[in-house]
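# Observations on the model geometry
One letter stands for each residue in the lines below.
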Amino acid sequence: KRFPHCLFFCHLAVEKCLKAKVVVATGEHAPYTHNLVALAKALKVPLSQEHENFLAELNEFNIEARYPDWKKNFYRLATRDYTEKILTQTQALLVWLQ
C-alpha cells in the first residue's frame with residue numbers, strides 16, 4: 001500500500017530503460033536529466049501522442065515524490081486505482097521499449 005513509492009519507481013524504471021537505450025544507441029553517457037520525454041526524443045524513437053503524454057505524466061512522479069512541499073497533493077493522487085493504472089501503463093511501455 002505504498003502507492004506514492006510505486007509511482008516514483010514507475011518513473012525510475014522507465015528512466016533507467018531509456019537511459020540504457022540512449023547509451024546503446026549513441027555509445028555515450030546518457031544525458032543528465034530525469035525528463036522522460038527528453039530522453040525518449042534523444043533516442044529518436046517515434047512516440048505516439050499517447051506515449052508522450054504518459055511520459056509527461058510519469059515525469060511528475062520524480063519531482064513530487066521527492067520534495068516535501070508537494071507530498072500532500074501527491075499522496076492524495078496516489079490512490080490504489082490510479083497507481084494500478086499507472087503501473088499497468090508503465091509495464092506496457094517498458095515492453096514496447098524493449
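Residues numbered from 1 in each chain as written. Predicted model: local features only at pLDDT ≥ 70, side-chain atom pairs only at ≥ 80, totals over all residues. Heavy atoms only, no water.

## Focus on the packing of aromatic side chains
To describe a pair of aromatic rings, one takes the distance between the centres and the angle between the planes. The condition is simple: Two rings from Phe, Tyr or Trp (for Trp, the six-membered ring) form a pair when their centres sit within 6.5 Å of each other. Planes less than 30 degrees apart are called stacked, planes more than 60 degrees apart edge-to-face, and all others tilted. Secondary structure is summarised from DSSP: a helix means a run of H or I of at least four residues, a strand means a run of E of at least two, and numbering begins at the N terminus for each. For each residue, the accessible area found with a 1.4 Å probe, counting protein chains only, is set against the maximum for its type, and the residue is called buried under 20%, exposed over 50%, and partly exposed in between.
Under the definition given, this model contains 2 aromatic pairs. The interplanar angle of 85° and the centroid separation of 6.2 Å between the aromatic rings of Phe61 and Tyr82 together place this pair among those described as edge-to-face. Highlighted residues: Phe61 in helix α3 (residues 49-64) and Tyr82 in helix α5 (residues 80-97), separated in sequence by 21 residues. Accessibility expressed as a relative area gives 15% for Tyr82, which makes it buried.

## Describing helix α2 (residues 36-43)
The test is simple: Note that the arc is defined by the directions from the helix axis to the C-beta atoms.
The complete set of buried residues in α2 reads Leu36, Val37, Leu39, Ala40 and Leu43. An end-on view of α2 places all buried positions within 160° of arc, on one side of the element. Two residues or fewer past α2, Lys44 is found with a positive phi of approximately 60°.

## Remarks on the pattern of salt bridges
Formally: Each salt bridge in this description consists of a side-chain nitrogen of Lys or Arg and a carboxyl oxygen of Asp or Glu lying within 4 Å of one another.
In this structure the tally under the stated criterion is 3 salt bridges. When the shortest N-O distance is used, the salt bridge between Lys19 and Glu15 registers 3.1 Å. Of the two residues, Lys19 and Glu15 are both situated in helix α1 (residues 3-26); the distance of 4 residues between them amounts to about one turn of the helix. Across the pair, Glu15 and Lys19 agree in class, each one buried.

## Some details on the side chain of Asn59
The following threshold applies: We call two N or O atoms a polar contact when they sit within 3.5 Å, provided that within protein one can donate a hydrogen and the other can accept it, with sequence-adjacent residues counted only if both atoms are side-chain atoms. What makes two residues a contact is simply this: any of their non-hydrogen atoms within 4.5 Å.
Locating Asn59 in the fold gives a position in helix α3. A distance of 2.8 Å separates a polar side-chain atom of Asn59 from the backbone nitrogen of Leu36. For Asn59, the contacting residues outside a window of four places in its chain are His11, His34, Asn35, Leu36 and Val37.

## Remarks on the nonpolar core
Applicable threshold: By nonpolar core is meant a set of buried Ala, Val, Leu, Ile, Met, Phe, Trp, Tyr and Cys residues that side-chain atoms within 4.5 Å join together.
Ranked by internal contacts, the top residues of the largest apolar core, which has 23 residues, are Leu18, Leu58 and Ile86. Sorting the residues of this core by element identifies α1, α2, α3 and α5 as the ones contributing at least two each. With sequence-adjacent residues up to four places away left out, Leu58 is seen in contact with Cys10, His11, Val14, Leu36, Ile86 and Thr90.

## Re α5
Think of an α-helix as 3.6 residues a turn; residues three or four steps apart then line up on the same face. For clarity, the cut-off: Expected helix span is computed as 1.5 Å times (number of residues minus one).
Counted at 1.5 Å a residue, the expected span for α5 with its 18 residues is 26 Å, and the 25 Å between its end C-alpha atoms agrees. Among the residues of α5, Tyr82, Thr83, Ile86, Thr90, Leu93 and Leu97 are the ones counted as buried. Projected onto a plane normal to the axis of α5, the buried residues spread over an arc of 90° and lie on a single side. Pointing more than 90 degrees away from the buried face of α5 are the exposed residues Asp81 and Val95.

So far we have only geometry, and geometry alone does not tell us how the molecule works.
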